[in-house]
Amino acid sequence: MTPEKLAYMANQIAIAFARLPRDEAEAAIAEHIDQFWDPRMRARLLVLAETPDTDLSDRVRGAAALIRRPATA
């Protein structure tokens, strides 16, 4: 999956939780990604979150700190 597609999908999840306060939204985004994304997708998203010029929302970047790190990617 392309980095652009991963960013798009993560940003769509953030939009779904936009009504929540920031800390609750970030926790909900991380929980959703932990539940439904496979370890390889999570690993790639975490790399994207560390890249400054990637088109990720601030809430997705905040959620990255809460996303479960895959044991192996």
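Residues numbered from 1 in each chain as written. Predicted model: local features only at pLDDT ≥ 70, side-chain atom pairs only at ≥ 80, totals over all residues. Heavy atoms only, no water.

**A word on the environment of Pro3**
Selection rule: Comment: elements are numbered from the N terminus, with helices defined as DSSP H or I runs of at least four residues and strands as E runs of at least two. Here's how the labels work: a residue is buried when its accessible area is under 20% of the maximum for its type, exposed when over 50%, partly exposed in between, all with a 1.4 Å probe on protein chains only.
Here Pro3 lies in helix H1 (residues 3-16). Residue classification places Pro3 among the partly exposed residues on the basis of a relative accessible area of 43%. Separated by 44 residues in sequence, Pro3 and Val47 have C-alpha atoms that sit 9.6 Å apart.

**Some details on the pattern of salt bridges**
Note the following rule: Salt bridges are counted wherever a side-chain nitrogen of Lys or Arg sits within 4 Å of a carboxyl oxygen of Asp or Glu.
The final tally for this structure, using the stated rule, is three salt bridges. The closest approach of N and O atoms between Glu26 and Arg22, which form a salt bridge, is 2.9 Å. On the criterion of helical spacing, the pair formed by Glu26 and Arg22 is a turn pair, its members being four residues apart in helix H2 (residues 22-36). As a salt-bridge pair, Asp38 and Arg40 come within 3.2 Å of each other at their nearest N and O atoms. Among the residues examined, Asp38 registers a relative accessible area of 26% and is labelled partly exposed.

**Structural notes on the nonpolar core**
Rule in force here: Nonpolar core, defined: a set of buried Ala, Val, Leu, Ile, Met, Phe, Trp, Tyr and Cys residues in which side-chain atoms within 4.5 Å join the residues together. It only takes one pair of heavy atoms within 4.5 Å for two residues to be counted as in contact.
Ile33, Trp37, Leu45 and Leu56 are the most contacted members of the largest nonpolar core, which has 19 residues in total. For this core, the secondary-structure elements that each account for two or more residues are H1, H2, helix H3 (39-49) and helix H4 (58-64). Sequence-distant contacts of Leu45, defined by excluding residues within four places in its chain, comprise Leu6, Ala10, Ile33, Trp37, Leu56, Val60 and Ile67.

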